[in-house]
Each structure stands twice: as C-alpha cells, then as structure tokens.
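Okay, here's what each chain looks like letter by letter:
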Protein chains: 4
Amino acid sequence: MNTSELQATFDRIRSNKAFELFVVAVIIASALLVGVKTYELPPTPQRLLGWLDHLITAFFLTEITIRFLGEANRRDFFKNPWNLFDTLIVLISLIPIDNSDMALVARLVRVFRVLRMVSIVPELRMLLNSLIKALPQLGYVLLLMFIIFYIYAAIGATLFETINPELWGDIAISMLTLFRVMTFEDWTDVMYETMAVYPLSWFYYLSFIFFTAFAFLNMVIGIVVNVMNDEHEKLLKQQALEAHEPTIADLYAKLEQLEQQLAERERR
Amino acid sequence: MNTSELQATFDRIRSNKAFELFVVAVIIASALLVGVKTYELPPTPQRLLGWLDHLITAFFLTEITIRFLGEANRRDFFKNPWNLFDTLIVLISLIPIDNSDMALVARLVRVFRVLRMVSIVPELRMLLNSLIKALPQLGYVLLLMFIIFYIYAAIGATLFETINPELWGDIAISMLTLFRVMTFEDWTDVMYETMAVYPLSWFYYLSFIFFTAFAFLNMVIGIVVNVMNDEHEKLLKQQALEAHEPTIADLYAKLEQLEQQLAERERR
Amino acid sequence: MNTSELQATFDRIRSNKAFELFVVAVIIASALLVGVKTYELPPTPQRLLGWLDHLITAFFLTEITIRFLGEANRRDFFKNPWNLFDTLIVLISLIPIDNSDMALVARLVRVFRVLRMVSIVPELRMLLNSLIKALPQLGYVLLLMFIIFYIYAAIGATLFETINPELWGDIAISMLTLFRVMTFEDWTDVMYETMAVYPLSWFYYLSFIFFTAFAFLNMVIGIVVNVMNDEHEKLLKQQALEAHEPTIADLYAKLEQLEQQLAERERR
Amino acid sequence: MNTSELQATFDRIRSNKAFELFVVAVIIASALLVGVKTYELPPTPQRLLGWLDHLITAFFLTEITIRFLGEANRRDFFKNPWNLFDTLIVLISLIPIDNSDMALVARLVRVFRVLRMVSIVPELRMLLNSLIKALPQLGYVLLLMFIIFYIYAAIGATLFETINPELWGDIAISMLTLFRVMTFEDWTDVMYETMAVYPLSWFYYLSFIFFTAFAFLNMVIGIVVNVMNDEHEKLLKQQALEAHEPTIADLYAKLEQLEQQLAERERR
C-alpha cells in the first residue's frame, strides 16, 4: 500500500459518519470523566478512571493522526485553526505528570478537551465564529468603555484610597470595584461607605452607572443592528430566489426591450 | 337514544359558550381553593373546603367525560396533547389519599389544575405553543452555554474545592454557584474568597461573565430576529392583501401583455 | 357682559401662551414645595410654606374654573379624562385638615399635584397614553406570568412553609418572595435555606427563573415588535409623501393607460 | 520666515501621521502615569514620575500651540469644542501646586488628560457625538422618569421617614434609595423594614419597579427604533447606490417616455 492509497483510506475513515459519531461519544465520555473526577472517590474506581483517561488520550492521539494522514496536502492541515487547537489539546495531555503540583495543571488541561465538542459540531463552530467575528466591530465601544473605567478608577483610587484600601487601593483594584458597581452587586454598601466621608460621592457612582449603561446599551444596539441588517439582506435575497419573482431590474429590462421594438417599427 | 345521537348532544354541550364560561369559572374557583389552603384555617372551613374540593374533582371528571364522548372519532381525542394533559390532571386527583405523606403530593397535584387555565384559553395555548416552538431553534446556543458552564465548573471544582466545599464541592454544586455568579447575586463574595488564595482568580469570574453574557445576548438576538422576520413577512403579506395593491409581479404580467399586443399588431 | 362673551374671554385666557407657562411655573413651585416639606424646618419658614400652599391651592382652583368656563360646551369638559384628573386633584386638596391623622393624607394628595405636569405638557401626555395603550396587548402575557407565579407560589407555600414562614407563610407572601427571586435579590439565600431540607429544590428556583425570564422576554419582544411595526409603517408612508415618488400603483395606472391607448388605436 | 509661512509649517506638522501617532503615544504614557501614581511608590521613582509629568505637560503645551498656530484662521480654532476641551485640560494642569490640599485636585485634573484619547481618535469622537445626539430625543422620557422618582420619593419621605431616616430622611435621600430599589440592590431589605410598620407597603415598591421598568423599556425601545430607522435608511440608500439598480422613479420616467413616443407617432 503506497502513501496515496493510505491517505485515501484515512480520508474515507475520517469522513465516515459512524467514526464521527464515535468521536463525539468519546468526547462526551471524556467530559463526563472530568465531571466525575471532581467527586470524592474510593481508590478502586479512581484507578479505573485513570486507565479510562489513558484510553481516551490514546484514542484522541489516534484520531488526530488519522485526520492528519487523511489530508491530501498535509500543510493545509494546520492552516485550519480548529485542527491546530485539537492537536495542541491532545499533545499537552500527553505530557507525563508525576509530582502533585503538575497534577493540578494536567487535570485542568483535560478539562479543555470538552471544548473539542465545539470543534467537532459544525453548528457550534459557526456560533463561535460569529461571536469572534462580532468582536472587532465592537472594538471602539470596548475602548470607550475601558477609558470610562480607567478615568473613574483613577479618580476612585485617588479620593477613596484612605477610606477602604481593599476596594480602592490602586487603579487595578478600583477597576474591579467599578465592575462590581456596574453589575449592581452590593454597590450601595460601597457608596454609603464613601458618602460618610464625601457626602456628594453619590454623583460619582450615579454618573458612572449612567455612562457605562449608556455605552453598554450602545454596544448591544450595535450588535443587534448588525445582525438585523445581515438577516434582512439574507431574507430579501432568499425571498427573491424562492419566489422567482421579477425584480424592478427585470421590469426595467422589459421596458427597454419594448422601447426598442417601438423604435425598430418606426424605422421601417 | 343511540350512540351517535348521544355524541351529537355532548358535542353541542361542549361547544356551548355558557358551558365554556362555567368551566373557566370552576377552574378559577379551584385555583382560589389552592390559594386559600395555604393559609392556616379553623377546622370548620377546612372541612368545607374539603367538600368543595371533591365537588370540583367530580365536575372536572364529568367535564372531561363530556368532552370525550362528544368527540366523533374517540381515538382523535388523545391525539391532542392538551386533552391528554387535562385527562391526566383529573385522573391523578382521583387517587384517594389517606396517610399524611401522600397528602402533600395530592395537594401539589391539585396545584397543577390551575394549568388547565392554559389549556382552556386559546390565546394562552398559542402563547405557550410559540414558546415551545422557539426552544429547538435555540438548542445549539443552549448547548454552547452548557459547555461554557461545564468547563468553568470543572475548573472551579478543581481549583477552589479546598477553599469552600459548599460552593465548589463537586461539578454539580459548582454549576449552581456559577449560575449564581451569572445572576450577579453576591458574586463578589464568592470572588473575594477565592482571590484570597489565588489573587488572579478575578480573571476566572470576569471571563465567565463575559462569555455567558455574550452567549445569552446571542440567544436573545436570535429570538428577536426570528420573531421580527416572522412579523415582517406577515406584515408584508397583510399590507398587500389589505390594499389590493398591484405587486411587481402584476406589473410584469401587464408589460408582457402589452408586448404581446404589439407583437400581434406587427404580424398583421 | 353676557355668558357667551365671558366664555370667549376665558377661552382666550386659557389658550394664552403666557398663561400656560405661568401654570407650568406654579406646578413646578408646588412640586418644589412638596420636596422642601420633607426636610426638617424651623417654625417661621414652615408657616411661610403653609401660606404658599394655600396660595397655590387658590391659584389651581382659579385656573380650573377658567378652563371650565372657557369650554364652549361645558359637558365636554369632563369627557376629557385629564380634565377630570385635574379637577379631582384640586378639589381633594381643598378639604380642610385639622387633626394630625388626616394631615398625612393631605400631604400625600398634594404630592399628586406634581402629576399635573403630565396633564399639562402634551409630550408627556402622549408618552403616558402610549404606555396605557400598550398594556391590553400584553394582557395575555401578563396573565400567563400570573399563572406561573401562582402555581409556583402554591407549591412553595405547600412545601417550604415549615422551613421559613416569613418567606413562604401563605400564597401571597410566597408570590412576593418569588418576585424577589425574579429580581435576583438575595435569591441564593432563599434557595440554600430550602436546599438544606429538600436538596433538589434548586430545580424549583431554576425552572421558575427560566419560565419567568422566557415569559418576560416574550413580553419585551412583543412590545418591541409592535413599536417597530408602527414605526416602520409610519416611515414608509412618510417617505412616500416626502419624495412624491411614484408608487407601484401609479406605475400600474400608467400601464393601463398605455394599454388603452394601444387598444383605441387598434379600433380605428 | 513670515507668519503665513510659519502657519503653513505648523499646519504640515499637525497633519503629519508620525506626529499624530506620537501624540497618541504621549497620551497613553500620561494615562499610565495616572495609573502608576495610585500605587505606593518609594521616593526615587516618585520623583522620576514627577519629572515625567512635567515633561508631558510641556509636550501637551507645545502640541496645542502647534495646533493653534497651524490654524489658518485662528478664531476658528476655538469654535471646535474638542479644541476648547484640549486647551482647557492643558492650561489647568499648568497651575502650580504647592500645598497638599490642591495636590489632590491637581492629580484629578491630570486624570482627565486620558479623555484627550477621545478627542484625538476620530472613531471615539464619533461614538461620543452619537451618544450626545441621542440624549435630547430622550428628554421627555427622562423627564417622565424624574417625575415618577420625585412623586415616589415625596411619598416615601412622608410615610417612611420615622422608620429609617437614613434611607427616607428627605426627598433627596429618598430618590437615592429609590434608585437603589430600581437597581434591585438589597431592595427587599428596604421593603421588609417598611412592611413591618405598613404591611401594604409592598405595593409602593412593586408599582414603582413596574413604572420605572416600563419607562426604562420605553426609553431603550426609543433609542433602538431611532438607530434602526437611521440604519435602515442608510442601508436602502447604499444598496441603491451600490447596485446602480433602477428605482421605481426610473421605471416611471421610462414609461412616460414610451407614452410620449406612442403619442408622437399618433400625431403623424
């Protein structure tokens, strides 16, 4: 069997529906394994889970190898970011772990195997892609929001540091406190504390809530409008296609034809 | 009176407007009964309520029987899921209850009689149907959200278990804690506790809030766009119907007719 | 001066721009008066405010009388609900108050004078009208939400009454507690308390949050779609009017005319 | 070198891309400086930061001077509100500060230098402009909301003052408490406290939440509809431009032309 035949065989395997479903089943199993491990277990099942874990790692390695060997042009394999992500997750979980410090990291890496669910199911991949695509459009709104946070945090850290250093100690902690205020989580406790020293500091909080709410609203509306416009265009195109309905352009063409006919007759 | 005549009589009864209104009145009465029973009552009214309850159960049984016998083809009766639901509710409340343990369950079943309101009022039935219809479209967003929850819960249960086992004991409790964080309910208390051990754990919470908010937004926008498109199409059709306005297709037909006329004249 | 001349004079006064502005100024003054009275004041300014209050009451009485006498057909005056509202507010504040018990009620009535702002400024009146107009359309969603609340409250009052009678004592208190859960206000405290007895009661809260959030979303989308459709129709009509642009109906008429011309020529 | 040549030179500098980028870099540096100053620092780096601060102030002064001298008509410079804002920020940070009281104010002014980011990046300037432009349209909704707050605050300050003067002492404090209720922040604590005295006061809170939520929803929908309509019009115009597609007006013109042709032939 030469390389090209081998590649064709692997390609056939990876496009096989049963193979796909089995991979999804193994990913679900690995997800359940991750969940089960968070419970206190007696030693026997724990050893069993350890073996199951090795089995899953071995299967994932085999699967990635099949996908890689099934690719006609092997360089294209890593051009797909989802393939890169899959390979990385599988390779990292191969690293042997002995000491207890690394055991924690190793367990965390195994958690990310659940994300392979997203890379396997096309609908989830599309959802995530659309989320990622929406981000840069919102870049400037996020920047504006960051500036609002930064300015308020700088003011807060300057004025309120002596009142409660745990909430306003430096600009980083202040930004976390402001995020808390934005989520309305016990924000009045924070406010009443500073109002005891600066009675007018309610204006600081209310203006901050107003600005961030407004910027947030702006962001949401931005996304909604983008999505709506896309949907609207899609809908219009689809309607025209489905109904085979004549468009205004068709009508125009028809009229021009008529005009020509009239002109020709005139010439005769 | 033969069976067919009986069926016609029952059909007339169940389509009767007064009967419909009386059924609604009895359902409201049964709902009030459920509410009144949550108050502490002296023995005399309590016995009275017990009798009223038996009366309502008897009425519901009669009503369902009338509906069933009024159906021309009796097999079709159970094809309607609302009929099945009604029958089930009525039958379960027939089970006699003696010991105090089952009394609680029996009272809970009586609560669900209030839901018969939904099965009787067509507008409410339509509302619920539209809710149920919207769910599968959102399936993948809900799956993505579940994956986000699962991964974060696994990480939380791994890292924070020793800090507070009541919040991060296993993956199920961690998911409940994360749902709490998503609703912003005292989420900073949870965060400050883990930040005392892992000072960078704020990133865990902020990224989780960001991802779930984004996925949630996506879901809401998905519903809005679906509803909007449906409404938009309905509106367009309705406008065309109401105004008897010529469409572009009508114009096109007219032009083709004109063209034909011209062509015919030419031939002569 | 006869009655008809008097009516014309009063009508001229009430349509006068300066009079309108003066009324608004007095309403704002009465609003400020209401605000100032909530502060602790020494006796002298307090007596002054009392006199001012009498002055404003006298002015409002005069104003309403002018509006009433200015109406051509006096029966029409009370057909306008805003006039009725204004008259009621003014008449109630005329009732003399001696004992301290009624003083509180009298002060509260004076607060509602601020609402005359809404009845005077046409833009605010329109806003409130549109709010009131939107309500009946949402009637069934509100009914569905009430049924959800009622069922969950009945279950809560049945199961959790012994755990915390202050939160789940009867169906009314339970509904208030559920409203609290819906606003996410310390809802985990309520949940953890019942989970100590019924470990699966988290399902009760999560399903409730899910149902109410869904019904609420449905309501919001309902309003948005209604407003959007109205706006869309308005926009379309306005665009057509502004541009004097030919519509498809105009085109159709033109084509029919052409066709007739051709037919006529043929006949000759 | 005469004045006009000098102006041209300065104009060339301020339009220079490298100059623009350098200004952005200095603004970012000044923002970082503001952030770093909120941390506890040993004296040596603190002195260094002081010098850096003077350097940045000097640079900003030079930059504004260049911008001003580069303007052809110097009166136009201050017609741009962003230029006015920039000049103000720079001039205020020039005021020498000796005593510790003013030091705090001076540090706060330096914080606002970060806002120069908004005045320099055109996209952020546009975002802020659109926010400011949206405000007056919402004026009446904000007024209605203020009236709702004012009336409820007056009622609250009248009825609940004796229960908890810290929350309901006067109308201003009551409005702050109501804002807290609107954000659902520990609002049940506020409610349970007053319900102990007035058991029906839950109606006060629930109706307030209902009214403000409704007014808020109205405001959000108002913004969304405005933005949508703007986007929709933009989209329609753009589509027509991009596709060079004939419009109904073009069709109409074509038909009139045809009609004229037919009429002319008839005349012959």
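Predicted, not measured: the structure shown is a model, and the values here were computed from it. (Residues numbered from 1 in each chain as written. Chains lettered and ligands numbered in written order. Predicted model: local features only at pLDDT ≥ 70, side-chain atom pairs only at ≥ 80, totals over all residues. Heavy atoms only, no water.)

Looking at the relation of the copies chain D and chain A
- Between chain D and chain A, the superposition needs a rotation of 90 degrees and an axial shift of 0.0 Å, giving an RMSD of 0.1 Å. A rotation of that kind, with that shift, is consistent with a four-fold axis.
- Of all interface residues in chain D, a mere 20% are interface residues in chain A too; the two copies therefore contact each other through different surfaces. (Least-squares fit on C-alpha atoms with pLDDT ≥ 70 in both. Contact = heavy atoms within 4.5 Å.)

Side note on the interface of chain D and chain A
- Each partner contributes to the interface: chain D provides 55 residues, whereas chain A provides 52 residues.
- Counting the surface lost from both chain D and chain A, the interface buries some 4800 Å², and carbon and sulfur atoms represent 75% of this.
- Contact with chain A buries surface across chain D, with T38(D), L176(D) and K254(D) losing the most and accounting together for 13% of the total.
- Our count for the contact surface shared by chain D and chain A stands at zero salt bridges.
- In this assembly, chain D and chain A are joined by eight residue pairs in polar contact (both at pLDDT 80 or more).
- Contributing elements (two or more residues each) for the side of chain D that touches chain A: α2 (17–36), α6 (100–112), α7 (116–120), α8 (122–137), α11 (171–182), α13 (202–243) and α14 (248–267) of chain D.
- No other element matches the 10 residues that α14(D) contributes to the side of chain D that touches chain A.
- Its residues assigned to classes, the side of chain D that touches chain A shows 34 nonpolar, nine polar and 12 charged. (Buried area = accessible area lost by both parts, 1.4 Å probe. Salt bridge = Lys/Arg side-chain N within 4 Å of Asp/Glu carboxyl O. Polar contact = N/O pair within 3.5 Å; in protein donor to acceptor, adjacent residues only side chain to side chain. Helix = DSSP H or I, 4+ residues; strand = E, 2+ residues; numbered from the N terminus. Nonpolar A, V, L, I, M, F, W, Y, C, P; charged D, E, K, R; others polar.)

A closer look at the nonpolar core
- Among the nonpolar cores identified, the biggest contains 264 residues, and Y205(A), Y205(B), Y205(C) and Y205(D) are the most heavily contacted of them.
- Once you skip the residues sitting within four places of it in the chain, Y205(A) turns out to touch F160(A), W168(A), V181(A), W187(A), V190(A), M191(A) and T194(A).
- Counting residues in hydrophobic clusters, the runner-up holds 16 residues, among them L251(A), L258(A), L251(B) and L262(C). (Core = buried A, V, L, I, M, F, W, Y, C linked by side-chain atoms within 4.5 Å. Buried < 20%, exposed > 50% of the residue type's maximum accessible area, 1.4 Å probe, protein only.)

Structural notes on unusual backbone geometry
Residues and elements named next belong to chain B.
- Of note, F184 is a non-glycine position whose phi angle comes to about 60 degrees, a positive value.
- Mapped onto the elements of the fold, F184 is located in the loop between α11 (171–182) and α12 (187–195).
- By relative accessible area, which is 29% here, F184 ends up partly exposed.

Comments concerning the confidence of the model for chain A
- When pLDDT is averaged across chain A, the result is 82; 87% of the residues are at 70 or more.
- At the level of chain-chain contacts, confidence expressed as ipTM amounts to 0.82, with global pTM at 0.83. (pLDDT = per-residue confidence, 0-100.)

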